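Residue-level listing of the chains:
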Amino acid sequence: MQRITLSCLCGLLLMMTAGCSLTVQNELNTEPRQYLADHLFTAIPEQSIETEQQIFALPDAVYHDMLRMVRPLNSSREKADALLNYIFFLKGKRISYETNATLTATETLARQQANCLSLTILAYSLASVAEMNVLFQDVIIPEYWTHVQGVSLLSGHVNLKLTGSGAKTSRGAANYEQFSYVIDFDLETNKSDFPVRVLKKPQIIAMFYNNKAAQFMIEKDYDHAFAYLKAAILTDPNSSESWNNLAVLYRSVKHFDLAEDAYKLALQLDPESTNVKSNLALLYMLTGETEKAADLQRVVYIQRLDNPYYHIMLGNEAMQMSDHQQAIKHFRYSLKLNKKASEALAGLAKAHYQLGHAEAARHYLVQAKKHAPSMQERGRYQSKLDSLMTASKQH
């Protein structure tokens, strides 16, 4: 099962700054273009790839609204309060969370949909109008997968940090304020205890392109996927995630040598990445290099053994292969590590339903709903319960 890297999963939360900052990152020591196999894909017009300006641009009306709000304000804290009030106002207009809604700032406002990357981009654009000091942050969360159309997606998380700075009072005197807020679009988990890595704007743009590429890969539109991955790599050649995703793409079109090269570049940039090691192991299995594959798989297994979401991913992959008994084993192991993991409970419900165990399926769906981290998830589980009850009455 191929595993693509995404940049976020989230809701909306404001929290005070906490955690520590991780800034160490390896740099590519070779020319990236030599690994971009343009000849394998139909060229996509460059104008179809969003530019930096298009990604962060605000509609004129929103830009002028923000300008009117912040222009009379003197202090950074007042500007921060105005910005936060405006963001919560937008959220109150029911911007819904969608995993695959990687959108520009303007698209987020128009469609009222976003994921955490899109909402972080929007918050940055609004903060720029207010001339706030901001930092993009990559939150180092445990590996977490979602499962879409036969592909396991490894999700990350980003947010935006606002800091106070010197500002002029109405009389022209310096007014220095020290404060720090994090705008984090996540209602599900307080991530304030997780370490963070400060990101530069090109890294955020590359994440945007990566997410776009991932969606095209799911749809098997490999030409568009390559165009976005190429844009990501040329924007930020030091992104291990981009090289991993390019390797997944090369593997999908059966160019295994190119895939291996790209995985090795990903590992050069992030030697500890279990996701890349796991994907490379799968490639070695495919090409008959079973010894290399086994070595990598042992390392990955040990590193992931205590992560409940790893076992959920394995359960989902077993379900994909209709191995329902094996899936149940994985989901149960996940619950040993985290008894409130709603995804594992939902997985058990699905597996038991496939085996014809309707009562067990209902039990686990009730538990999944009870421990669901958001209203949206609770609603989804309730809908499944309603469908199950309807099906039971018809028999």
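These numbers were taken from a predicted model, which means no experiment stands behind them. (Residues numbered from 1 in each chain as written. Predicted model: local features only at pLDDT ≥ 70, side-chain atom pairs only at ≥ 80, totals over all residues. Heavy atoms only, no water.)

Undergrad: What should I look at first to understand the confidence of the model for the chain in this one?
TA: Detailed reading of the predicted coordinates is not advisable wherever pLDDT falls low. Per-residue confidence for the chain gives a mean pLDDT of 84; residues scoring 70 or more make up 84%. When mean pLDDT is taken per element in the chain, helix 1 (residues 52-56) scores highest with 98 and strand 2 (residues 13-16) scores lowest with 34. Taken as a whole, residues 9-24 scores under 50 in pLDDT and shows 63 contacts with residues more than four places along the chain or in a different chain. (pLDDT = per-residue confidence, 0-100. Helix = DSSP H or I, 4+ residues; strand = E, 2+ residues; numbered from the N terminus. Contact = heavy atoms within 4.5 Å.)

Undergrad: I would appreciate a short explanation of the packing of aromatic side chains in the present structure.
TA: Each aromatic ring pair is described using two quantities: the centre-to-centre distance and the angle formed by the ring planes. Overall, the coordinates contain eight aromatic pairs when judged by the stated rule. Note on Phe-208 and Tyr-209: the rings are 6.1 Å apart at their centroids and 75° apart in plane angle, and the pair reads as edge-to-face. Tyr-209 shares its class with Phe-208; the two are buried. Put simply, the rings of Phe-208, Tyr-209, Phe-216 and Tyr-228 pair up and form one aromatic cluster. Here the guanidinium or amino end of Lys-201 rests over the ring plane of Phe-56, the centre of that ring lying 4.4 Å away. (Phe/Tyr/Trp six-rings, centres within 6.5 Å; stacked < 30°, edge-to-face > 60°. Buried < 20%, exposed > 50% of the residue type's maximum accessible area, 1.4 Å probe, protein only. Lys NZ or Arg CZ within 6 Å of the ring centre and 35° of its normal.)

Undergrad: Would you mind showing me how to read the environment of Leu-335 here?
TA: Turning to its location among the elements, Leu-335 is positioned in helix 13 (residues 324-337). Overall, the relative accessible area of 16% leaves Leu-335 in the buried class. A C-alpha to C-alpha distance of 7.8 Å links Leu-335 and Leu-345, two positions 10 residues apart in sequence. What Leu-335 contacts, discounting residues up to four positions off in sequence, is Ala-341, Ala-344, Leu-345 and Leu-348.

Undergrad: I'm lost on the packing of helix 9 (residues 256-269) against helix 10 (residues 274-286) in this one. Help?
TA: In a packed pair of helices, the relevant descriptors are the angle between the two axes and the axis-to-axis distance. Where helix 9 contacts helix 10, the axes come no closer than 10 Å and their chain directions differ by 155°. Overall, the two elements helix 9 and helix 10 adopt an arrangement that is roughly antiparallel. Of the two elements, helix 9 crosses helix 10, and the hand of that crossing is left-handed. Facing helix 9, whose interface residues are Phe-256, Ala-259, Glu-260, Tyr-263, Lys-264, Ala-266 and Leu-267, helix 10 presents Val-276, Lys-277, Asn-279, Leu-280, Leu-283, Tyr-284 and Leu-286. Broken down by class, the residue content of the contact of helix 9 with helix 10 amounts to 10 nonpolar, one polar and three charged. (Axes fitted to C-alpha atoms, helices over the stretch in contact; angles between N-to-C directions. Parallel < 35°, antiparallel > 145°, perpendicular 65-115°, else oblique. Left-handed = near helix turned anticlockwise from the far one by under 90°. Nonpolar A, V, L, I, M, F, W, Y, C, P; charged D, E, K, R; others polar.)

Undergrad: Mind showing me how you'd approach the side chain of Ser-342 here?
TA: Inspection of the secondary structure assignment puts Ser-342 in helix 14 (residues 342-354). The buried category is assigned to Ser-342, whose relative accessible area is 3%.

Undergrad: Which parts of the structure should I look at to understand the pairing of strand 5 (residues 133-139)?
TA: The side chains of a regular strand alternate, residue by residue, between the two faces of the sheet. Direction of pairing for strand 5 relative to strand 8 (residues 158-163): antiparallel, over a ladder of six bridges. Within strand 8, the position partnered with Gln-137 by the bridge is Asn-159. Relative to strand 12 (residues 196-199), strand 5 runs antiparallel, the two being bridged by four bridges. Opposite Asp-138, over in strand 12, you have Arg-197 as the bridge partner. (Pairing = 2+ DSSP bridges.)

Undergrad: Explain the pattern of salt bridges here, please?
TA: One side chain can pair with another of opposite charge once the charged atoms of both are near each other. With the rule as written, the count across this model stands at 10 salt bridges. With a closest N to O distance of 3.1 Å, Lys-201 and Glu-52 form a salt bridge. Linking Lys-201 in helix 6 (residues 201-218) with Glu-52 in helix 1, this pair joins segments that are 149 residues apart in sequence. For Lys-201, a relative accessible area of 24% gives the class partly exposed. (Salt bridge = Lys/Arg side-chain N within 4 Å of Asp/Glu carboxyl O.)

Undergrad: Help me out: how do you make sense of the environment of Leu-135 in this one?
TA: Turning to its location among the elements, Leu-135 is positioned in strand 5. For Leu-135, a relative accessible area of 34% gives the class partly exposed. For the pair Leu-135 and Leu-162, spaced 27 residues apart in sequence, the C-alpha to C-alpha distance is 6.8 Å.

Undergrad: What is the right way to read the nonpolar core from this model?
TA: Soluble globular proteins tend to pack their nonpolar side chains together in the buried interior. Counting residues in each nonpolar core, the largest one holds 82 residues, and the members touching the most others are Leu-126, Leu-162, Tyr-209, Trp-243 and Leu-246. With 10 residues, the top contributor of residues to this core is helix 5 (residues 116-129). Here Trp-243 is in contact with Leu-28, Pro-32, Tyr-35, Ile-233, Pro-237, Ala-262, Leu-265, Ala-266 and Leu-269, once residues within four sequence places are set aside. Core analysis: the second largest hydrophobic core is formed by 22 residues, Ile-312, Ala-361, Leu-365 and Ala-372 among them. (Core = buried A, V, L, I, M, F, W, Y, C linked by side-chain atoms within 4.5 Å.)

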